[in-house]
Amino acid sequence: MSASRSSASIDHPLLDRVLASDGTLPFALLRREGSLEVEVLVGDVVDVDLLGDIPLDGAPVLAVVPFRQAVERGFTVHDDGAPLRCIVARESERVSLADAIALLPLEPVAAEPLGFDIPDDEYAGIVRRVIDDEIGQGAGANFVVMRRFEARTSAAPVSTLTSWFRALLTHEVGSYWTFAVHAPASDGEALSLAGATPERHLTLRDGVARMNPISGTYRHPVTGPTRDGVLEFLRDTKENEELFMVVDEEMKMMSALCPDGGRIVGPYLKQMARLSHTEYLLEGRTDLDPREALRQTMFAPTVTGSPMENACTVITRHESRPRGYYSGFLALFEPEPAVAGPGFAAPSADGPVTYSLDAPILIRTAYLHDGGLVSVPAGATLVRHSVPEHEVAETRAKASGVLTSLGLVPRGAGPDVAVDLNAQPGVAEALAARNSQLAEFWVRPQDASHTATTAVLTGPNVLIVDHEDQFTTMLAHQLRHLGMNTRMVRWDADYDVLADDLVVLGPGPGDPRDHEDPRIASIARRIHERVAAGRPLLAVCLSHQVLAGLAGFPIRPLPAPRQGVRLDADVFGSTAAVGYYNTFGAHVTTTSAADDGPVPRLALEPSFDADGVLTALRGPRVASVQGHLESVLSSDGLTVLDALTRHVLGVPAEPRQLIPSD
């Protein structure tokens, strides 16, 4: 035993069992953010088909959720059969961080680097195709494409994982979780992984849900991060827009989870050993079962893209190999309050045990496969401003923290962290400046005491149609805030389009000119039915474009996509700061709109910007808007939504405070 190991102050029988095991013992070693302890869990391996099948019988459960689980939401993915594997903890112990580091193997095991499975030039080509063929054709705002660094080792699984775990504890900083998990199967391949992930996906505790969108990457120079470097990063338009896009996407999820909506807190700078990220914290209240909350939030936009459903389709088109567990998550379910000791209590006679949830995203993680193959996946977020060579470098930077800790690439002579970036002059001010672009509505509390209603808008029944973009959940929340009753349906559901007081046709990906697309055809049909009956209608983004096309306004691709862009644009004489997510635009013409199309003789008043792109339309009992009034970027969104809703319902406008003060 080395001097380091002999310095461990007390006996740790469970950790000793893990270190001495032959690979048949299921275990998890966890260090959570801010903790000075390592948690050791040992138990039984259970594979389940669905998140709802995760067994919560009074014991803590650690689930390892693969990306293929997105099929539960009806999304398209490569299905590699990766199991949803759980360790039902029957024993646990806590070990001080110092003791754990002393007891764990001193050096990472030897491994032969093999390089990335997708070469740099090939990955750069994928980036170009995604920008041109997906973002450039209206498929979405941003997408994450993965590649893997691979290596090979002949070391045994337990010594490999525990040495990796120690190396990550020692060399990586700023992690949300550092972990090692070994879950052997009675038949089939063992699941073995270790990582240092920076990102919380979802936590639920005491009825409070929190999500943690992280995006934007400052790659530290070899000589270490600098004040000038981080300030340049914080001013970068591409990095700013990238973060706001994922905040929007996760606010969609929060609006679905939390009846009173979600609130934005931050931003913050998360500094790690070789790169730093910007992040926000989103929080709200929910009473959902944590398994259902996880199902509704599969998966984080920071590792998939937006809108979520089409992001999965785009990933399937451009990634030739299944993802396995990359972009999935670990999910630790613990009884509230957690039961201490080597065993755990069964549900009480008073009723079922309630569980808290802590679920970090599976990124910055190394996987050990049968036969000694090691893989470290990494991906870059591709947006309209992306430079292929920069995205290649970003995947290398994201993988490097794990790779250097594991000895798979040279560490270099410099310190892991040379300077505390958060303490540098100007950093706090640069972070705070980002909030000047946010809608106050989403920064303030979202509970019922902050709902603005008046008698004239209280009570209308609103049907919101989802065209594969969950911005509809944020629209529903804002309309409820204005006093209305809302319900949502998918575009392909069987519903009566004439039954409700107001129908809102929502946004979605795609080319609004393509009436062979079933979604576009559905929008056109619903517009025609609703307008012909003289029933109030509001159309948003994609649906606005379809309405404009039906009314005779030409639809053309924009010179540059407006994906995740905040613009000050004219909306019927008032300048409104609104977030835009569009690749196509309807354009005003010198001639009047046609009166012999599917929207016959409809007198539509156009509002347009300096480039002649329509920002909105309105006519008798109908209105449409190009921007996303519900976006976190839409400072004036709620005001415009109130005005357009009043217009289509025939309710007079009146001064009122839409966002009550605290």
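Residues numbered from 1 in each chain as written. Predicted model: local features only at pLDDT ≥ 70, side-chain atom pairs only at ≥ 80, totals over all residues. Heavy atoms only, no water.

The description of two packed helices rests on the angle between their axes and on the distance between the axes. One way to put it is that helix α4 (residues 120-134) packs onto helix α10 (residues 388-405) with a least axis distance of 8 Å and a crossing angle of 120°. The orientation of α4 with respect to α10, classified from their angle, is oblique. For α4 against α10, the interelement crossing comes out right-handed. Contacts from Asp120, Tyr123, Ala124, Val127 and Arg128 of α4 reach α10 at Pro388, Glu389, Glu391, Val392, Thr395 and Arg396. (Axes fitted to C-alpha atoms, helices over the stretch in contact; angles between N-to-C directions. Helix = DSSP H or I, 4+ residues; strand = E, 2+ residues; numbered from the N terminus. Parallel < 35°, antiparallel > 145°, perpendicular 65-115°, else oblique. Left-handed = near helix turned anticlockwise from the far one by under 90°. Contact = heavy atoms within 4.5 Å.)

Aromatic ring pairs are described here by two measures, namely the spacing of the ring centres and the angle between the planes. Tallying each qualifying case throughout the model produces seven aromatic pairs. Each ring, one from phenylalanine 299 and one from phenylalanine 329, has its centre 5.4 Å from the other, and the planes form 45°; the classification is tilted. Placement of the pair is phenylalanine 299 in the loop between α8 (290-296) and β14 (305-306) and phenylalanine 329 in strand β15 (residues 329-335), with a sequence separation of 30 residues. An angle of 90° between the planes, with centres 4.7 Å apart, marks the rings of phenylalanine 441 and tryptophan 442 as edge-to-face. Like tryptophan 442, phenylalanine 441 is buried. Among the aromatic residues, those joined into a cluster by ring pairs are Phe67, Phe299 and Phe329. Across from the ring centre of tyrosine 495, 4.3 Å away, lies the NZ or CZ of arginine 526, which sits over that ring. Just above the ring of phenylalanine 572 sits the side chain of arginine 618; from NZ or CZ to the centre is 4.0 Å. (Phe/Tyr/Trp six-rings, centres within 6.5 Å; stacked < 30°, edge-to-face > 60°. Buried < 20%, exposed > 50% of the residue type's maximum accessible area, 1.4 Å probe, protein only. Lys NZ or Arg CZ within 6 Å of the ring centre and 35° of its normal.)

The subject of this paragraph is the confidence of the model for the protein. Taken over all residues, the pLDDT of the protein has a mean of 89, while the share at 70 or more is 90%. Ignoring residues within four places in sequence, the model shows residues 338-349, a span with pLDDT below 50, making 24 contacts including any to other chains. A low-confidence stretch, residues 591-596 stays under pLDDT 50, and its non-local contacts, those more than four residues away or across chains, total six contacts. (pLDDT = per-residue confidence, 0-100.)

Let us now look at the sheet that holds strand β27 (residues 622-625). Spatially, the seven strands line up as an open sheet ordered β20-β19-β21-β22-β27-β26-β25, and their pairing is mixed. Of all strands in the sheet, those with a lone pairing partner are β20 (485-490) and β25 (605-608), marking the two edges. Sheet twist, expressed as the mean angle between neighbouring strand axes with direction ignored, is 15°. The sheet contact formed by strand β19 (residues 461-466) and β20 spans six bridges and is parallel. Counterpart to asparagine 461 in the pairing with β20 is asparagine 485. Relative to the sheet, helix α13 (residues 471-481) contacts β19, β20, β21 (502-505) and β22 (537-540), its axis offset from that of β19 by approximately 170°. (Pairing = 2+ DSSP bridges.)

So, on to the packing of α4 against helix α9 (residues 308-318). Contact geometry of α4 with α9 gives a least axis separation of 11 Å together with a crossing angle of 135°. Comparing their axes, α9 and α4 come out oblique. Seen along the crossing, α4 lies across α9 with a hand that is right-handed. Only Val314, Arg317 and His318 of α9 make contact with α4, whose side of the interface consists of Ile126, Arg129, Val130 and Glu134. Residues of the contact of α4 with α9, tallied by class, amount to three nonpolar, one polar and three charged. (Nonpolar A, V, L, I, M, F, W, Y, C, P; charged D, E, K, R; others polar.)

Residue placement: arginine 513 occurs in the loop between β21 and α14 (518-532). The class for arginine 513 is partly exposed, based on a relative accessible area of 41%. Along the sequence, arginine 513 and glutamine 545 sit 32 residues apart, while their C-alpha atoms lie 8.5 Å from each other. Discounting chain neighbours no more than four positions away, the residues touching arginine 513 are Ile555, Pro557 and Phe584.

Positionally, arginine 291 belongs in helix α8. Here isoleucine 54 takes part through its backbone oxygen, which lies 2.7 Å from a polar atom of the side chain of arginine 291. In contact with arginine 291, other than residues within four places in its own chain, are Leu51, Gly52, Ile54, Leu56 and Phe333. (Polar contact = N/O pair within 3.5 Å; in protein donor to acceptor, adjacent residues only side chain to side chain.)

In this section: the pairing of strand β10 (residues 208-211). Relative to β10, strand β9 (residues 200-205) runs antiparallel, the two being bridged by four bridges. In the sheet register, leucine 204 faces β10, and the bridge partner there is alanine 209. Hairpin connection of β9 to β10: two residues between the antiparallel strands, including aspartate 206 at a positive phi of 55°. Examined bridge by bridge, β10 and strand β13 (residues 275-285) share four bridges and lie antiparallel to one another. Note that in β13 the partner of arginine 210 across the bridge is glutamate 283.

This part is about the environment of arginine 235. Looking at where arginine 235 falls in the secondary structure, it is placed in helix α6 (residues 227-235). By relative accessible area, which is 61% here, arginine 235 ends up exposed. Remark: the alpha-carbon pair of arginine 235 and leucine 431, spanning 196 residues in sequence, is separated by 9.2 Å.

With that settled, consider the pattern of salt bridges. One pass over the structure, following the stated rule, counts 43 salt bridges. Measuring nitrogen to oxygen at the nearest pair gives 3.9 Å for the salt bridge that ties glutamate 39 to arginine 94. Within this pair, whereas glutamate 39 is found in strand β2 (residues 37-48), its partner arginine 94 is found in strand β4 (residues 84-96), the two being separated by 55 residues in sequence. The salt bridge partner of glutamate 309 is arginine 490, with a shortest N-O separation of 3.1 Å. With a gap of 181 residues between them, glutamate 309 in helix α9 and arginine 490 in strand β20 connect regions that are remote in the sequence. Residue classification places glutamate 309 among the buried positions, given a relative accessible area of 16%. Via salt bridges that share partners, Arg32, Glu37, Glu39, Arg94, Glu334 and Asp358 belong to a single interconnected network. (Salt bridge = Lys/Arg side-chain N within 4 Å of Asp/Glu carboxyl O.)

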